[in-house]
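Working through the structure, step by step
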Amino acid sequence: MRILLVGLLLVTGLREDEKLAKALAEFRVESVIDETVAGLGKPVWYPEIVSWRPVVSTSSDEAQKHVHQGMALVHAGWDFEAYRHFVEAVKLDGDCLMAYWGMSLALAEANQEWVEERMAALDRMFDLSEAGMGTELERKQVEALAYLFSDERALAPPKFKEVVEAFPNDLQSGLMAAYLGKDGYDPLMGAGPGQKEAVADVEDLLRRNAESQMALLFWVLLQAEHPDGTGHMREVVLPRVRSLAGMAPDFPPYRHLLGHYEWRGGNLGLARREFEAAVRGYEEYMGREGLEFYDCPNWVRAKLYLA
């Protein structure tokens, strides 16, 4: 992992500060922007899903709003739209550390075709952090996220916990620490120890942040594979998922999410209705934005659920 190998660069005879200064000076924002995204207009705003609005280190208030929107979208699973908002943020402020943090997260999937853009965003994020840009909290978040892109991925949850220990009010890091530590359910043994701890931690965060849509979303996502579909799913989970979807009834990812839980609860007719609504929402979005389904894998997933 790059930030752990800084000392090795001294072997080359090139001072690290000189290398860093050169990288900062030569960076071009265009290197993190995919040509498809570059050809699009401004992304759509979904203010109804934004409940996390921390102060972001940036010279632009508008860039901060794009970071807030991008984070809400990436946690909701709409990576492409999240990426578009982070692109707008870095256009406004090329030194916005958390915009590159969010962009890296939005492009984190292994099957993404934007490998070059992802690597450029990661490099820029590391360079800005090493140069002391952003707050201490933001730089700690950079270090924690870096483990997701290393061969020491298992260390990411404890690193996010370290962020929370230093900054107890950072809700996003607490949620990510819990979610990344989950280990799922065993058909015979039930929830694994990591799963139990993750659910308990997020439930505690939700109790302390009852109005947080982000905390509710993370709690819902942790229930996706719960084996008790007709009991726990119907009685405990579905009411909360319906509440979440009701907060943004025209937001396709929430309709898709509700469809999954209606299906898991045995409500096949209701599930079909939600997936059809998600498909319509994505199709309206693609038509409005001039995009194909290649750029909307969420539409493909909704269609597969219907099939």
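Our structure is the block above this text.
Just so it is clear, the model here is predicted, and its values are computed rather than measured.

So, about the packing of helix α4 (residues 79-92) against helix α5 (residues 97-106). Interaxial distance between α4 and α5 falls to 9 Å at its minimum, and their mutual angle equals 155 degrees. Taken together, the axes of α4 and α5 lie roughly antiparallel to each other. Between α4 and α5 lies a crossing whose hand is left-handed. Touching D79, A82, Y83, F86, V87, A89 and V90 of α4 are A99, Y100, G102, M103 and A106, all from α5.

It is worth spelling out helix α10 (residues 193-208) at this point. The periodicity of an α-helix, 3.6 residues per turn, causes residues three or four positions apart to be oriented the same way. Counted at 1.5 Å a residue, the expected span for α10 with its 16 residues is 22 Å, and the 23 Å between its end C-alpha atoms agrees. For α10, every residue scored as buried is listed here: G194, Q195, A198, V199, V202, L205 and L206. Angularly, the buried residues of α10 cover 130 degrees about the axis, an arc narrow enough to put them on a single face. What points out from α10, more than 90 degrees from its buried face, is the exposed set P193, K196, R207 and R208. Buried residues along α10 sit in contact with α9 (171-180), β1 (185-186), β2 (190-191), α11 (213-222) and α12 (232-247).

Quick notes on the rules
Residues numbered from 1 in each chain as written. Predicted model: local features only at pLDDT ≥ 70, side-chain atom pairs only at ≥ 80, totals over all residues. Heavy atoms only, no water. Axes fitted to C-alpha atoms, helices over the stretch in contact; angles between N-to-C directions. Helix = DSSP H or I, 4+ residues; strand = E, 2+ residues; numbered from the N terminus. Parallel < 35°, antiparallel > 145°, perpendicular 65-115°, else oblique. Left-handed = near helix turned anticlockwise from the far one by under 90°. Contact = heavy atoms within 4.5 Å. Expected span 1.5 Å × (residues − 1). Buried < 20%, exposed > 50% of the residue type's maximum accessible area, 1.4 Å probe, protein only. Arc of directions from axis to C-beta.

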